[in-house]
4 protein chains.
Amino acid sequence: MSFNSFGHMFRFSTWGESHGPALGAVVDGCPPGILLSEADIQPFLDARRPGQSKYTTQRKEPDQVRILSGVFEGRTTGTPISLMIENVDQRSKDYSEVAKAYRPGHADYAYDRKYGFRDYRGGGRSSARETAARVAAGAIARKVIGEVEVHAWVAEIGGDAIDPSRFDPEQVLQNPFFCPDAEAARRWETLVDRARKDGSSLGAIIACQATGVPAGWGAPVYAKLDSEIATAMMTINATKGVEIGDGFAAARLRGEENADPMLPGDDGPEFGANHAGGTAGGISTGQPVFCRVAFKPTSSILTPVDTITRDGEATEIVTKGRHDPCVGIRGVPVVEAMMALVLADQKLMHRAQCGDDGGGPD
Amino acid sequence: MSFNSFGHMFRFSTWGESHGPALGAVVDGCPPGILLSEADIQPFLDARRPGQSKYTTQRKEPDQVRILSGVFEGRTTGTPISLMIENVDQRSKDYSEVAKAYRPGHADYAYDRKYGFRDYRGGGRSSARETAARVAAGAIARKVIGEVEVHAWVAEIGGDAIDPSRFDPEQVLQNPFFCPDAEAARRWETLVDRARKDGSSLGAIIACQATGVPAGWGAPVYAKLDSEIATAMMTINATKGVEIGDGFAAARLRGEENADPMLPGDDGPEFGANHAGGTAGGISTGQPVFCRVAFKPTSSILTPVDTITRDGEATEIVTKGRHDPCVGIRGVPVVEAMMALVLADQKLMHRAQCGDDGGGPD
Amino acid sequence: MSFNSFGHMFRFSTWGESHGPALGAVVDGCPPGILLSEADIQPFLDARRPGQSKYTTQRKEPDQVRILSGVFEGRTTGTPISLMIENVDQRSKDYSEVAKAYRPGHADYAYDRKYGFRDYRGGGRSSARETAARVAAGAIARKVIGEVEVHAWVAEIGGDAIDPSRFDPEQVLQNPFFCPDAEAARRWETLVDRARKDGSSLGAIIACQATGVPAGWGAPVYAKLDSEIATAMMTINATKGVEIGDGFAAARLRGEENADPMLPGDDGPEFGANHAGGTAGGISTGQPVFCRVAFKPTSSILTPVDTITRDGEATEIVTKGRHDPCVGIRGVPVVEAMMALVLADQKLMHRAQCGDDGGGPD
Amino acid sequence: MSFNSFGHMFRFSTWGESHGPALGAVVDGCPPGILLSEADIQPFLDARRPGQSKYTTQRKEPDQVRILSGVFEGRTTGTPISLMIENVDQRSKDYSEVAKAYRPGHADYAYDRKYGFRDYRGGGRSSARETAARVAAGAIARKVIGEVEVHAWVAEIGGDAIDPSRFDPEQVLQNPFFCPDAEAARRWETLVDRARKDGSSLGAIIACQATGVPAGWGAPVYAKLDSEIATAMMTINATKGVEIGDGFAAARLRGEENADPMLPGDDGPEFGANHAGGTAGGISTGQPVFCRVAFKPTSSILTPVDTITRDGEATEIVTKGRHDPCVGIRGVPVVEAMMALVLADQKLMHRAQCGDDGGGPD
């Protein structure tokens, strides 16, 4: 058991708070001999970086990653890879209000009840800044799963969904919303900007797909690929739901509608549909692995909300400061990282038990 | 890492296949001195037992549990509790078709690709019979969390949802659907029976609530109460999605709609709402912990589905035999068990780090 | 964390008490497709079985193992293998004395202080009967490590050591002491018999060697092959010390005496010595892996020893009943099992990280 | 499974190589609210620091620790504590020889066979510099176990043992050998200096005792206090053996000689002896916990040793550079740290299962 680690064989641990000197991750169990430098990691951090548009928090963090161990002459050595990102833009603001009163929807009250006190500066450990460490670790995971491609996008903001018929993967990096539907992206400009100006916030749904996952990753019962993805996604700040394949919609289908027929193919079977999202019995089938993740609206809003102080007195709170009007947007690189991290771990676990890299003992 | 274990400090491992001689669980880490006998476990197994109405599979299993270790003079000793349930009604049918061709939606193909072969009798390890072992372990978990009450119910079958205004907890055990809305239960009789007669199947959504959970259980990042519940639920056969609190619906709310205001109360704070489902920052707040779980329609149906044989030849398959027309129904005791198992584990982990049983270091 | 499990990827959990209905093990993570039946396990249990000579306890247990899951058509399926051994010869004796007073050197007092009470019948969970479950699991581990041969023997009883110049592996199964030196075995007959008649007991040292371990198993820091062997051996009842290679004697050598020179060989390097016991930096070198384990004399003796009752009153205790005059003797199959279990686990972990079975990425 | 982590509930992970920019540890699971600053850690690092006498390596490292997370306003927050120590004195020497040929007794060959290549600068991850991270983590562990005192000392160098009758704890920090016997310390000056001048090296035995450990820490089978200590000690570089209590000597005692009689005492029982080293059945008894650890002589010596190159050619090697003539000496703070780390972990695990801090459920 480790409260701040994730994974079994490809395992990473993160540390750091929003306003501490730095944050980081230690990646353990990485196979040796993989080409790795900061340049492999930085682009993913850059994609996650705040302050890149008016639709995200204005905190300016360069998020420059340093590799402190585990790499020699440009290759992983098989020993732990320590990654560090310095915090630069911790604004020395007045935290007396947050220290005194609980922000509803934030971890403030729960931390105080659990630990007796809390680092209230920027949310401390509960800040979404922790996800930078995951994104860095995820970049290494991508190298481990080689041929697998992982792509996420925002599928819905504030209830306004993309149109699947306009899905264009090229669009995702063309707009500040990681939106694959150019038209939806334009609508969201207005939507998110209005929320921002109102001091309100919006929720979002992110979709993620991994292609090239060989059949055989996962395990029947308590290490199901599905359950590993579910826990991975639900560790991300602000997530409230996760579904694999058709998910909740599958609960409204009949058995014959939900079937994924199999047909002979040139290179293994072909599937007539992918309602299951690429898994069966907890194990990958070779189809794309697909999940969706629900992000709640950012809890930090300018509308006053009833709350109490540490001493139990009634008060109201307004969360000023630099916040994302839709925290889900910046979740895209994090969701991708978590998917890559789960898959890297599953690959190594499959190897351990079955002696191959998946796809069947040919 | 253990593929067939769940939990960190209160940990259980299950074993057994659908058509083997028995199945069971080993519960490790249980506190000593707890009163425990088979009679504490059997009622939960009886609730899950198949063959109790025409709406579930007709396999008749007494599911009598035996405690083989870890209890002395009626109390847990702190050593592992071994639970065994014998399989009685493994019908000696002809499995040649299932052995040869893959049933879409089942684990057949994935197992073959992963392990090279599979125990095809009744689905082997992928059978929902494994959940009997969880339910038995869950009965022990309930004893560990003492004052916490865990209740689940079916909230929706085949897209037909209960009416919250007719919610009556007393109803849940009054009908074969674990349905808290008597009127919905009546509609479901027709709905499920028709699916059964059609050889079709229906999905379902189960809701689960735990009351009496003290503030403080869970941990900030990779042992969030949310992520532990998510993984627990997604290890159950046929689940495709999980949400905490408002879940996916929260992604469509604005920040001010989704806030759970706090007010001073006589005994700790009172909350104006529970959109969050009882957690904040991954830690329980003292509010009821609430989740919903999506079950896909049973994959075993009488409609022929295209598939392939082990040799890659095209064929069609019809899954005869004894099956649940809506596997979600029998998921209710399993969802309750998993919730109890997560909470017991979280209680012990909280104790380890914080030295109390939760609710704050008073 | 699991108190009653061992191993990371090839992991087993044991359960059961001396006087409960049965004891057993669940082996998780076993590779699929391995030929396995009870007949592969029984011979190792038979070697460990009590009551086979006057030099061991007279408890008569057939120790018949049953495989309850994880094997189909004679092969492991990759799912958990549940092993059960029924207890048959729990003599219905009077335990009132043991229940009331603490036997020095036994777990009685520690259990009471930890758990508040204990199953005092035959030592409950602290009985060496638990090792039957390990031996059964170890037989499966041997199959996983295929080409590796594991052999243990008694090297010393009551301070009387074997003469290395008379070491003959054939002898080990020719005498009731697992002694490779026929002359020492004869001396031990007198030595152990006298201790038995005196109501006294003797300690022993067991040596264990694994040949055929490829270079590369283990890991640099906290999963060293050395530390995994050390913990494995120290979990066996009555063990008080473990050493790898020359062990404590190495602490009395100078650097040049302790060096294991390397020379070019036909098939990899040849080593001029094996002071290190087959590991360097925590990783196997391809040389035989060698360790020694110290067993204390059985604590159950007929000489009265001062002790206290549960109520803290002074008393004397004499441990009557069926006991081993030298518990170390029957440790041989257990030490072998633990070595095999460690190596199987290391093999799978090496596979996970490095993608081969050891011996170098050729 | 994590190759570079240790502990279950109080868990630390280390990272870093001898010649990388830094090394460090992440401590996870630490209870909240503990007073902690760098000043609590530094003295232990200073005790371990190299270059303090001519009897240890001349590498000069300030070993200044920085706390990067997990502490707020002088107290632990319950979130991970990241510790970093920069490497300063990595001498830019010529490593071409070490890169090419294997140093017997070092990890060189094993790493190459496992990972395919290695960071050969100063031994990379296999360098004893890693132990600085443990010592830092150990300082935090000491705070967790509060009342427990942990003391280690060198009991023997090169076969020359201290005289127990001259044991004086005050002496340990009065000489460069952590020797409690002033006379032995004087003999060791000559002994170690001669070995140093000869380019040879000596082994050592370290003893460690923890007093104030309450009864009840540990667990019956695979989390025995004994086995946890054994694995902890055997993860330290250059260790080859570990024993609890009388250890190997117990194997030469008779049952009645090895008994630890119990007598009524004012505050719990009193024990007539402590052959067992403070544990029974894997659980602490309240007596001092005692172990001894064997360190081999440093493998780096000036005597030429036969070896092979990476290409399998015969050659000789002489290990120049800055080395400890007796690496065991500097093991004292490391052994103490590991003992403290094991005990902190056991305390939290005991809490989890039994709900108290040990000493019995009074």
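What you see is a predicted model, and the numbers here were worked out from it, not measured in a lab.

Colleague: How should I be thinking about the interface of chain D and chain A in this particular structure?
Modeller: Interface size, as often reported, equals the accessible area lost upon joining of the parts. The interface of chain D with chain A comprises 41 residues on the first partner and 41 residues on the second. Summed over both partners, the interface of chain D with chain A comes to about 3400 Å²; 65% of that surface belongs to carbon and sulfur atoms. Interface area lost by chain D to chain A is led by Trp15(D), Phe72(D) and Phe117(D), which between them contribute 19%. Where chain D packs against chain A, one counts zero salt bridges.

Colleague: What is the right way to look at the relation of the copies chain D and chain A in this model?
Modeller: Copy one and copy two of the chain differ by a rotation about an axis and a translation along that axis. Rotating chain D by 180 degrees and translating it 0.0 Å along the rotation axis places it on chain A, where the RMSD comes to 0.0 Å. One copy is carried onto the other by what is essentially a two-fold rotation axis. Same-surface contact between copies: 100% of interface residues of chain D are shared with the interface of chain A.

Colleague: Honestly, the sheet that holds strand 4 (residues 65-67) of chain A in this entry has me stumped. Any pointers?
Modeller: What links the strands of a sheet is backbone hydrogen bonding, and the strands pair in either a parallel or an antiparallel sense. All names here are of chain A. An order of 1-2-3-7-4 is seen for the five strands of this open sheet, with the pairing classed as antiparallel. Looking at the sheet topology across the chains shown, the edges are occupied by strand 1 (5-6) and strand 4. Where strand 4 and strand 7 (residues 81-86) come together, three bridges link them in antiparallel fashion. Its bridge partner being in strand 7, Arg 66 is matched across the sheet by Met 84. Contacting strand 2 (11-16), strand 3 (22-28), strand 4 and strand 7, helix 4 (residues 130-144) runs over the sheet at an angle of about 35 degrees to strand 3.

Colleague: Is there a simple way to explain unusual backbone geometry in this structure?
Modeller: For residues besides glycine, phi is generally negative; the peptide bonds are generally trans as well. Here Phe178(A), not a glycine, exhibits a phi torsion of approximately 50 degrees, which is positive. Here Phe178(A) is to be found in the loop between strand 9 (160-161) and helix 5 (182-198). What makes Phe178(A) buried here is its relative accessible area of 10%. Notably, Asp63(D) is not glycine yet its phi reads approximately 50 degrees, a positive angle. On the secondary structure map, Asp63(D) appears in the loop between helix 1 (38-48) and strand 4 (65-67).

Colleague: Mind showing me how you'd approach the sheet that holds strand 2 (residues 11-16) of chain D here?
Modeller: Residues and elements named next belong to chain D. As summarised here, the arrangement of the five strands in space is 1-2-3-7-4, forming an open sheet in which the pairing is antiparallel. Sheet topology places strand 1 (5-6) and strand 4 at the edges, where each strand pairs with a single neighbour. When strand 2 meets strand 3 (residues 22-28), the two strands line up antiparallel, connected through six bridges. Looking at the pairing, Ser 13 lines up with Val 26 of strand 3.

Colleague: What is the right way to look at the UniProt feature "binding site: NADP(+)" (unreviewed entry) in chain A in this model?
Modeller: Residues and elements named next belong to chain A. When the UniProt feature table is mapped to this numbering, "binding site: NADP(+)" (unreviewed entry) covers Arg 48 and Lys 54. Along the chain, Arg 48 falls in helix 1 (residues 38-48). On the basis of relative accessible area, Arg 48 is assigned to the buried category, the value being 1%. If we skip the residues at most four places from it in the chain, Arg 48 touches Asp 63, Ala 128, Arg 129, Thr 131, Ala 132, Val 135, Arg 330, Pro 333 and Val 334. Mapping Lys 54 onto the fold places it in the loop between helix 1 and strand 4. The contacts of Lys 54, once residues within four sequence positions are left out, are Asp 193 and Arg 196.

Colleague: Honestly, the interface of chain D and chain C in this entry has me stumped. Any pointers?
Modeller: Every contact between the two is made by 108 residues of chain D and, on the other side, 108 residues of chain C. Summed over both sides, the interface between chain D and chain C buries roughly 8200 Å², with carbon and sulfur atoms accounting for 64% of that surface. When residues of chain D are sorted by the area they lose upon contact with chain C, Lys114(D), Tyr222(D) and Lys240(D) head the list and together hold 11% of the total. Across the contact surface, chain D and chain C share six salt bridges. Salt-bridge contacts for Arg254(D) lead to Asp198(C); the nearest nitrogen and oxygen are separated by 3.2 Å. The tally of links between chain D and chain C comes to 37 residue pairs in polar contact (both at pLDDT 80 or more). Per-element accounting of the side of chain D that touches chain C gives the leading share, seven residues, to helix 3 (residues 108-115) of chain D. Split by residue class, the side of chain D that touches chain C holds 53 nonpolar, 33 polar and 22 charged. The sheet contact formed by strand 11 (residues 239-244) of chain C and strand 11 (residues 239-244) of chain D spans three bridges and is antiparallel. Among the inter-strand pairings, Glu243(C) is bridged to a residue of strand 11 of chain D, identified as Gly241(D).

Colleague: Whenever I open this one, the UniProt feature "binding site: FMN" (unreviewed entry) in chain A confuses me. Can you help?
Modeller: Following the UniProt record, one finds the feature "binding site: FMN" (unreviewed entry) at Arg125(A), Ser126(A), Ser127(A), Asn237(A), Ala238(A), Gly281(A), Lys296(A), Pro297(A), Thr298(A), Ser299(A), Ser300(A) and Arg322(A). With respect to the helices and strands, Arg125(A) occurs in the loop between helix 3 (108-115) and helix 4. With a relative accessible area of 3%, Arg125(A) lands in the buried category. What Arg125(A) contacts, discounting residues up to four positions off in sequence, is Asn4(A), Thr14(A), Trp15(A), Gly16(A), Glu17(A), Tyr111(A), Glu130(A), Pro220(B), Val221(B), Thr79(D) and Pro80(D). At 3.0 Å, the side chain of Arg125(A) forms a polar contact with the side chain of Asn4(A). Locating Asn237(A) in the fold gives a position in the loop between helix 6 (225-234) and strand 11 (239-244). Classification of Asn237(A) by relative accessible area gives buried; the value is 17%.

Colleague: Honestly, the relation of the copies chain D and chain C in this entry has me stumped. Any pointers?
Modeller: Here chain D sits on chain C after a turn of 180 degrees about the axis and a move of 0.0 Å along it, with an RMSD of 0.0 Å. Of the residues that chain D buries at the interface, 100% are likewise interface residues in chain C, meaning the two copies contact each other through the same surface.

Colleague: Whenever I open this one, the environment of Arg49(C) confuses me. Can you help?
Modeller: All names here are of chain C. Mapping Arg 49 onto the fold places it in the loop between helix 1 (38-48) and strand 4 (65-67). Under the relative-accessibility criterion, Arg 49 is labelled partly exposed at 25%. Considering only alpha carbons, one finds Arg 49 and Asp 63, 14 residues apart in sequence, at a separation of 6.9 Å. When sequence neighbours within four positions are dropped, the list of residues in contact with Arg 49 reads Glu 61, Pro 62, Asp 63 and Arg 330.

Colleague: What is the right way to look at the packing of helix 1 (residues 38-48) of chain B against helix 4 (residues 130-144) of chain B in this model?
Modeller: When two helices pack together, their arrangement is given by the angle between the helix axes and the distance between those axes. Residues and elements named next belong to chain B. Running from N to C, helix 1 and helix 4 point in directions that differ by 140 degrees, and their axes come no closer than 9 Å. Considering the angle they form, helix 1 stands oblique to helix 4. As helix 1 runs across helix 4, the sense of the crossing is right-handed. Residues Asp 40, Ile 41, Phe 44, Leu 45 and Arg 48 of helix 1 lie in contact with helix 4, whose contacting residues are Thr 131, Ala 132, Val 135, Ala 136, Ala 139, Ile 140, Arg 142 and Lys 143.

Reading the values: the criteria
Residues numbered from 1 in each chain as written. Chains lettered and ligands numbered in written order. Predicted model: local features only at pLDDT ≥ 70, side-chain atom pairs only at ≥ 80, totals over all residues. Heavy atoms only, no water. Contact = heavy atoms within 4.5 Å. Buried area = accessible area lost by both parts, 1.4 Å probe. Salt bridge = Lys/Arg side-chain N within 4 Å of Asp/Glu carboxyl O. Least-squares fit on C-alpha atoms with pLDDT ≥ 70 in both. Pairing = 2+ DSSP bridges. Helix = DSSP H or I, 4+ residues; strand = E, 2+ residues; numbered from the N terminus. Axes fitted to C-alpha atoms, helices over the stretch in contact; angles between N-to-C directions. Buried < 20%, exposed > 50% of the residue type's maximum accessible area, 1.4 Å probe, protein only. UniProt positions renumbered as here; feature names shortened; annotations may be inferred. Polar contact = N/O pair within 3.5 Å; in protein donor to acceptor, adjacent residues only side chain to side chain. Nonpolar A, V, L, I, M, F, W, Y, C, P; charged D, E, K, R; others polar. Parallel < 35°, antiparallel > 145°, perpendicular 65-115°, else oblique. Left-handed = near helix turned anticlockwise from the far one by under 90°.

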